[in-house]
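# Reading the structure
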2 protein chains.
Amino acid sequence: MSPKITTELLKHLRQVMKNPRYVQEPVQAYIVPSGDAHQSEYIAPCDCRRAFISGFDGSAGTAIVTEQHAAMWTDGRYFLQAAHQMDSNWTLMKMGLKDTPTQEDWLVSVLPEGSKVGVDPFIIPADQWKRMSKVLRSAGHDLVPVKENLIDTIWTDCPQRPCKPLITLDLSYTGVSWRDKIVALRSKMAERKVMWFVVTALDEVAWLFNLRGSDVEYNPVFFAYAVIGMNTIRLFIDGDRMMDPAVREHLQLDSTLEPEFKIQVLPYGSILSELQAVGAGLSPKEKVWLSDKASYALTEAIPKAYRYLTPYTPICIAKAVKNAAETEGMRRAHIKDAVALCELFNWLEKEVPKGTVTEIVAADKAEEFRSQQKDFVELSFATISSTGPNGAIIHYKPVPETNRTLSVNEIYLLDSGAQYKDGTTDVTRTMHFGTPSAYEKECFTYVLKGHIAVSAAIFPNGTKGHLLDSFARSALWDCGLDYLHGTGHGVGSFLNVHEGPCGISYKTFADEPLEAGMIVSDEPGYYEDGSFGIRIENVVLVIPAETKYNFKNRGSLTFEPLTLVPIQTKMIDVNLLTEKERNWVNEYHQKCREVVGAELERQGRHEALRWLLRETEPLAPVQ
Amino acid sequence: MSPKITTELLKHLRQVMKNPRYVQEPVQAYIVPSGDAHQSEYIAPCDCRRAFISGFDGSAGTAIVTEQHAAMWTDGRYFLQAAHQMDSNWTLMKMGLKDTPTQEDWLVSVLPEGSKVGVDPFIIPADQWKRMSKVLRSAGHDLVPVKENLIDTIWTDCPQRPCKPLITLDLSYTGVSWRDKIVALRSKMAERKVMWFVVTALDEVAWLFNLRGSDVEYNPVFFAYAVIGMNTIRLFIDGDRMMDPAVREHLQLDSTLEPEFKIQVLPYGSILSELQAVGAGLSPKEKVWLSDKASYALTEAIPKAYRYLTPYTPICIAKAVKNAAETEGMRRAHIKDAVALCELFNWLEKEVPKGTVTEIVAADKAEEFRSQQKDFVELSFATISSTGPNGAIIHYKPVPETNRTLSVNEIYLLDSGAQYKDGTTDVTRTMHFGTPSAYEKECFTYVLKGHIAVSAAIFPNGTKGHLLDSFARSALWDCGLDYLHGTGHGVGSFLNVHEGPCGISYKTFADEPLEAGMIVSDEPGYYEDGSFGIRIENVVLVIPAETKYNFKNRGSLTFEPLTLVPIQTKMIDVNLLTEKERNWVNEYHQKCREVVGAELERQGRHEALRWLLRETEPLAPVQ
């Protein structure tokens, strides 16, 4: 992976930062956030402006370019990747480390007095605007909205915004009709005395209308906004996809409906003017509900006194708690996904010793096996197929320049998942196709102990996920090891593989309490720079737990693994496990055997079934 | 404990809320916070306004009185106590429970349109003002400062503000002179480009000048403010205590000093006008540093553009990291404290079966034994001496109406501590003087497992204390039990028994990372309403840990118990302990024997020594 040469690009950007054609006044700094106008984590190629200007294409990062400097903030998952992808014009700001300045503090330290800092108001979330603007103002600078995106002005071969056909999901997948979702949303709005709700996140629009798209790779979403009133529904969406008879039927666009369920379809680009019109027509006490992460542009469309901002929208919270149809779909998806991975690992075991399997070949083979499964749509994120030192690059994606051949001498880490019409998967397994070293086994076993500690944790109703994060680290900490990422994220149901409002992280304090029906990942790891990476990840469902004393009827929760893929026992140092942990592994493997074994049998995949049976033999007793 | 009858008082308060002699405009609600003008947790009798108006005298709680309602917000430690102490005029708002509204939301729900909500601007912290004011304003109400405290106007027999003599501490106790502390503070101010620092917290004033007082029971502080400039030191303090030659000598008030160390002594009541003068005389870029918990009144004295507010002041952070002299003092204090408790428990063991020892008698006896120790000053908080069901009232303090006799049939919980000139102690032990039931032992053992999990935890440098909180709960959670309070608080060095900026709690996310030299408590518990309470509390020192891999030189930390009082082995179900936990108990008891045993020997306390030796016998092996 050679870095992108950005000298000319930066020169060009610095010119437009002073060009009155694009900016009212020259800006001394320009911020290029990661997201799109919907604050999406995964974005369409036309929105990859930060990657275009810097070369760094990880999923999280913010670039700031001043007349003298170019700096990139990203988190521990991406320190190595960003350092590899950026040239010497760029300074890497390692977020989460003690001495790393915030973007605001850094700006204050480098800018000349009375500077203007520009940003696209559609790309920056309102809460971030507020925070940055306050710090900059108190230091004598100004944060200013620059209507024309300055990256777009220098990006001559910028791709078109995608506009792909939609998929309609019936009740067997969603469990609840879009009409009932609108009814529930309006009842939440009435509770908060709010008259309007603006849906800005793409997965929230998709979930609300039981539609899916493919405008953004890996995320089955489509570019749209919605504005829901107590008696109106406005959907802002482009293209001829609303001409599709299946979509028209699904949304009942041609039916005679009660007016409050009649969907008005408007152009995507008209959201700002329509919202400004809503804002201008509000009577006193008519509040408009927006996420506090909605763009500054849309938030400003509503006069301040009329805004009702919350960190998580009622759709985000409702979407996180999966109903029975969604949970069953997720279970089915995970069984199919396990079938594909049993095939893959069985195949790798035979092929790796031949020295012909590269990281890319292995990733492609994983996709091939997944695509053979029913209702497969696409991958749910770029497959992390990494061997040896590449495994230590936490969100590594193999490209020809870095592509390494799997061997019997190195640890192989595969973090991958898929979108099926009935659910979304995300699983990491770390394998050795030869003989792991004692140190590798030791580290793997600590990670496994952390994985089990979270998966088997019992906690009272109302507990937030971040309170479980340290359980995942305790065994590593005891030996002076740690990992620089969170332990888990929410997972959508045939939707984004990362979703709020719950998670398991030392960083996330604004998370909502875990509830039965929520689905999160459990993925501790350990990374040795230049040598190897280890991660063990299951997707787990929050379920009620049975305890001896039941928290005085407050009730309690635990997790049920949805992922059912063997954890390589060869990598486990059994002597480091407690009896409880050993039993957990054996019971987990027993369930893989029964559930996935039956499906392998049904699909006639006998060789993979034999592999599964061998890999799920009970652990040897502790010596 | 019968509730305070508040009908007349509330009637009276509601009258003054409309009386133009006290309020510019009538206020429809009046907030009575817990604190004093220094946002102290423990307050002088003259500042106990919330207790006066409501009857509830726990250490934390906010009262709000409207024309129709009177409501009290407090946390899980005080639910039972508040319910007992308040009459039916009051509604108890249980903070931390899901359905409890915030004060702001409740006000919005009960107030008529366009209401005024009054509060004493010296009592409400600026950050709280800001938060409440914002919510109230957005709902069409106004938070207004009421200069005259309305409780004081109806409190006819309000006690005088105390003004007791000061104690000077020399270097052997403090390790650092006040001059050097001023130098260090000014260097922090220079780092942040701040010209003035306002010291508002009483323990910060005391720490900075190496002085102690006794204006507030249990807390060796005195009423004072300080304003530190780059070249000036102003101390705002009343009374003739500045006439004490020892104090004058200590502060070098009569010496010829470099002007930047010359202390200017001003009346306590002149702080606002002096600060307003400072605020009016600021040139551009001259910032004034205040805690964001300083009172609204003082914060408003500085124009907004000139304020530099932080949640923790540099004094708070410096004070938390104890130097060698302070750490050694804390060790000495804890050994003396353990001697007193060995005497007490030995005495209780003999006396309890006679049926003559009440909770108050036991608390007095504990104080008597402590007062025999060198450099004893006073208790560090009201002794929680509670038996049977009283133990479930988390911050119980025995009074004649509730005073229960200790017996061989009930669990006894003693949470107590003292101020010695060399250190502050805080220890909880839970004892049974007869035969505990299997259930009592089971609960005790889970609490002990939680205590050990925190005490023995190893974690990387930079970890915040709240990340350790769940370790204390895990064993309880597994069986469906929990406790409704945090796990630990910072402890001062001959200062407040509760201090910031570190702690171990599921609630504290603004805590500063733990550092070697910080001192916190480790005190999980379990409470069965109406039956018993269990808590095991040690004060522990953060120390560097040795680990196999040392976090790639990031370094790691763990805790060393300073408290050295036996944990009653009779209460332990050894079969529920892991081998590691059993070893921890045995090693802890071995250390109690060696260290406290030597001191008991030295003090000729042979009977208590025999008690100690018996109570610290190694645990029986697991069956």
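Quick caveat, the model's predicted, so the values are computed rather than measured.

Parameters at a glance
Residues numbered from 1 in each chain as written. Chains lettered and ligands numbered in written order. Predicted model: local features only at pLDDT ≥ 70, side-chain atom pairs only at ≥ 80, totals over all residues. Heavy atoms only, no water. Contact = heavy atoms within 4.5 Å. Buried area = accessible area lost by both parts, 1.4 Å probe. Salt bridge = Lys/Arg side-chain N within 4 Å of Asp/Glu carboxyl O. Polar contact = N/O pair within 3.5 Å; in protein donor to acceptor, adjacent residues only side chain to side chain. Helix = DSSP H or I, 4+ residues; strand = E, 2+ residues; numbered from the N terminus. Core = buried A, V, L, I, M, F, W, Y, C linked by side-chain atoms within 4.5 Å. Buried < 20%, exposed > 50% of the residue type's maximum accessible area, 1.4 Å probe, protein only. UniProt positions renumbered as here; feature names shortened; annotations may be inferred. Least-squares fit on C-alpha atoms with pLDDT ≥ 70 in both. Phe/Tyr/Trp six-rings, centres within 6.5 Å; stacked < 30°, edge-to-face > 60°.

### Things to note about the interface of chain A and chain B
At the interface, 38 residues of chain A touch 38 residues of chain B. The three residues of chain A that bury the most area against chain B are Leu467, Trp477 and Tyr549 of chain A, which together make up 21% of that side's buried surface. A salt bridge links Asp482 of chain A to Arg554 of chain B; its shortest N-O distance comes to 3.2 Å. Counting across the chain A and chain B interface gives 14 residue pairs in polar contact (both at pLDDT 80 or more). For the side of chain A that touches chain B, the secondary structure elements donating two or more residues are α5 (126-138), α16 (438-455), β21 (459-460), α17 (469-478) and β25 (525-528) of chain A. A per-element tally of the side of chain A that touches chain B places α17 of chain A first, with 5 residues.

### Let's talk about the nonpolar core
Soluble globular proteins tend to bury their nonpolar side chains together. Counting residues in each nonpolar core, the largest one holds 158 residues, and the members touching the most others are Leu348 and Phe559 of chain A together with Leu348 and Phe559 of chain B. Beyond its immediate chain neighbours, meaning those up to four positions away, Leu348 of chain A contacts Pro353, Val357, Ala362, Leu406, Tyr412 and Phe433 of chain A.

### Re the UniProt feature "domain: Peptidase M24 C-terminal" (unreviewed entry) in chain A
Here the UniProt feature "domain: Peptidase M24 C-terminal" (unreviewed entry) sits at residues 557-619 of chain A. Here residues 557-619 of chain A runs as 54% helix and 8% strand, with 28 Å between its end C-alpha atoms.

### Re the relation of the copies chain A and chain B
Relative to chain B, chain A is turned by 180° and slid 0.0 Å along the rotation axis, the superposed coordinates differing by an RMSD of 0.1 Å. What we have between these two chains is a two-fold relation. Both copies present the same face, since 97% of the interface residues in chain A are matched by interface residues at the equivalent positions in chain B.

### Observations concerning the packing of aromatic side chains
If you walk through the whole model with that rule in mind, you get 37 aromatic pairs over all chains. Here the aromatic rings of Phe471 of chain A and Trp477 of chain B are separated by 6.4 Å at their centres, their planes lie at 90°, and the arrangement is edge-to-face. Here Phe471 of chain A is found in helix α17, whereas its partner Trp477 of chain B is found in helix α17 (residues 469-478) on a different chain. Assessed through its relative accessible area of 8%, Phe471 of chain A is described here as buried. Where Trp584 of chain A meets Tyr588 of chain A, the ring centres are 5.2 Å apart and the plane angle is 5°; that geometry is what we call stacked. Of this pair, Trp584 of chain A and Tyr588 of chain A both sit in helix α18 (residues 579-602), 4 residues apart, roughly one helical turn. The class of Trp584 of chain A is buried, set by a relative accessible area of 13%.

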